[in-house]
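# Fold and geometry: a report
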Amino acid sequence: MDELSTSEALHRGAERIQARTRATLPKAGLPLDDWIERDWRDVGHGDWPRWVEAVGRLPDPPADAVNHLDAAAITVASPSATPSEVEAALRGLIPWRKGPFELLGVTIDTEWRSDLKWDRLIDHITPLEGRRVLDVGCGNGYHLWRMLGAGAAFALGVDPTWVFTAQFHAVAHLLDETRAGIVPATLERLPQRPVFDSVFSMGVLYHRRDPFTHLQELKRCLRPGGELILETLVVEGDERTILTPADRYAGMRNVWFLPSPAVVEGWLARMGFVDARLVDVSVTTEAEQHRTEWFGDRQSLVDFLDPDDPSLTREGLPAPRRAIIVARRPA
Ligand code: SAH
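Remember, it's a predicted structure, so these values are computed and weren't measured experimentally.

### Some thoughts on the packing of aromatic side chains
Counted under the stated rule, the structure contains nine aromatic pairs. Considering the side-chain rings of Trp 96 and Phe 101, the 5.7 Å spacing of their centres and the 65° angle between planes classify their relative orientation as edge-to-face. Note on accessibility: Trp 96 and Phe 101 belong to one class, buried. Centroid distance Phe 257 to Trp 267: 5.5 Å. Interplanar angle 85°. Geometry classified as edge-to-face. In this pair, Phe 257 is assigned in the loop between strand E12 (242–243) and strand E13 (258–259) and Trp 267 in helix H9 (residues 261–270), connecting sequence segments ten residues apart. Across the pair, exposure class does not vary: Phe 257 and Trp 267 are buried alike. In this structure, Arg 91 is placed above the aromatic ring of Trp 294, and the distance from its NZ or CZ to the ring centre is 4.5 Å. Across from the ring centre of Phe 295, 5.9 Å away, lies the NZ or CZ of Arg 298, which sits over that ring.

Next up, the structure:
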């Protein structure tokens, strides 16, 4: 491909994002016109133009490209790929938190092995075949692709972090996929209508000051009888156990509480969900969360644990443990 000027790449990136937004968001069945008609050149985040430029610098996927959405790494494979061109653009979108991806010969080793979380839940949920799915706090959309790989008809992600939205558009461009879309906003800002068969909220609950409002918003997005897949940090304990970190938790400033699984089940019942089932509890390991160059060598799990006692965080609190709970909106 000829070398593009910055303004040409920016223009092309914005056009790609605009076109994909128009091709995907109407499928959500929600009144998202403000997002669909938005001018994607300027969104008011200082680094956004640089990320849009990176999306614009990606080559089109070759005609012989083949996608794999049902493997650990979301993959676009092609014998005629030119990885160097792809890699330079994708590096412009660092930090990559969620993955892994294998895109036209470029392996993106992300901070998280998000496939491990997927493996822990997939056998415990209603099969996604033909379903319309919402993923709240979707990050760069790694799990949206796994949802399509598991047969979902359409998957909508929402996430307010702009670099993840840019990463979604980069991957979607290389996959040449329009069965998944993203809205770069919090769930609170989204019209909440009962149009989804399955709603995922993974890694979001403890970032919200008010867990009940979050659960209520999730419920409003589910059709009657639809399924919620809730994943959250937890602590060991009974229905009376909630930990409120005095300050940071595992380095994070925005963790407001860590409930026990029994507390979460109680909250779900209180908000009118039924049939809650705890399907997994796992302590986070370095195999799942690690430092990597594609995450910009930022601090990761090891840096947040007590070096003398890895069952504790540096703040002296229980090390990260995560639970997956599946429940239903009554029919
Ligand atoms: N669901 C993914 C990512 C979890 S990280 C996974 O489980 O691997 C949490 C994500 O939630 C971040 O990307 C953050 O931007 C997003 N987030 C935080 N508050 C949110 C809100 N109110 N609505 C939607 N997304 C939110």
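### Thoughts on the sheet that holds strand E9 (residues 180–183)
A sheet is described by the order of its strands in space; here seven strands give the open sequence E9-E8-E7-E10-E11-E17-E14, paired in mixed fashion. A strand with exactly one partner marks an edge of an open sheet, and here the two such strands are E9 and strand E14 (274–283). Averaged over all pairs of adjacent strands, the angle between strand axes in this sheet comes to 15°, irrespective of strand direction. When E14 meets strand E17 (residues 321–328), the two strands line up antiparallel, connected through seven bridges. Looking at the pairing, Val 274 lines up with Arg 328 of E17.

### Digging into the pairing of strand E16 (residues 309–313)
Here strand E15 (residues 305–306) pairs with E16 via two bridges, running antiparallel. Within E16, the position partnered with Leu 305 by the bridge is Thr 313. The hairpin formed by E15 and E16 contains two residues between the paired strands.

### Examining the environment of Pro 61
Tracing the backbone through its elements, the reader meets Pro 61 in the loop between helix H3 (48–57) and strand E1 (66–68). Each C-alpha atom of the pair Pro 61 and Ala 81 lies 7.9 Å from the other, and the pair is 20 residues apart in sequence. The contact partners of Pro 61, leaving out residues within four places of it in the chain, are Leu 104, His 173, Leu 174 and Asp 176.

### Some points on the nonpolar core
Core analysis: the biggest nonpolar cluster contains 97 residues, and Leu 90, Trp 145 and Phe 200 have the highest contact counts within it. No other element matches helix H7 (residues 162–175), which puts ten residues into this core. Apart from residues lying up to four places away in sequence, Phe 200 is in contact with Trp 118, Leu 121, Ile 125, Leu 128, Val 133, Leu 134, Asp 135, Val 136, Met 147 and Ile 229.

### Digging into the site of the ligand
Of all residues adjacent to the ligand, which total 17 residues, the nearest are Lys 117, Gly 137, Asp 159, Thr 161 and Glu 188. With respect to the ligand, the side chain of Lys 117 contributes an N or O atom lying 2.6 Å from an oxygen atom. At 2.7 Å from an oxygen atom of the ligand is found a side-chain nitrogen or oxygen belonging to Thr 161. The protein chains hide 88% of the 580 Å² of surface that the ligand would expose on its own.

### Re H7
Here H7 contains 14 residues, and its C-alpha end-to-end distance of 20 Å stays within 8% of the 20 Å for a straight helix at 1.5 Å per residue. Most of H7 sits inside the fold, with 14 of its 14 residues counted as buried. One or two positions beyond H7, positive phi appears at Asp 176, with a value near 50°.

Calculation rules
- Residues numbered from 1 in each chain as written.
- Predicted model: local features only at pLDDT ≥ 70, side-chain atom pairs only at ≥ 80, totals over all residues.
- Heavy atoms only, no water.
- Phe/Tyr/Trp six-rings, centres within 6.5 Å; stacked < 30°, edge-to-face > 60°.
- Buried < 20%, exposed > 50% of the residue type's maximum accessible area, 1.4 Å probe, protein only.
- Helix = DSSP H or I, 4+ residues; strand = E, 2+ residues; numbered from the N terminus.
- Lys NZ or Arg CZ within 6 Å of the ring centre and 35° of its normal.
- Pairing = 2+ DSSP bridges.
- Axes fitted to C-alpha atoms, helices over the stretch in contact; angles between N-to-C directions.
- Contact = heavy atoms within 4.5 Å.
- Core = buried A, V, L, I, M, F, W, Y, C linked by side-chain atoms within 4.5 Å.
- Near = heavy atom within 4 Å.
- Polar contact = N/O pair within 3.5 Å; in protein donor to acceptor, adjacent residues only side chain to side chain.
- Areas by Shrake-Rupley, 256 points an atom, 1.4 Å probe, with all protein chains shown as cover.
- Expected span 1.5 Å × (residues − 1).

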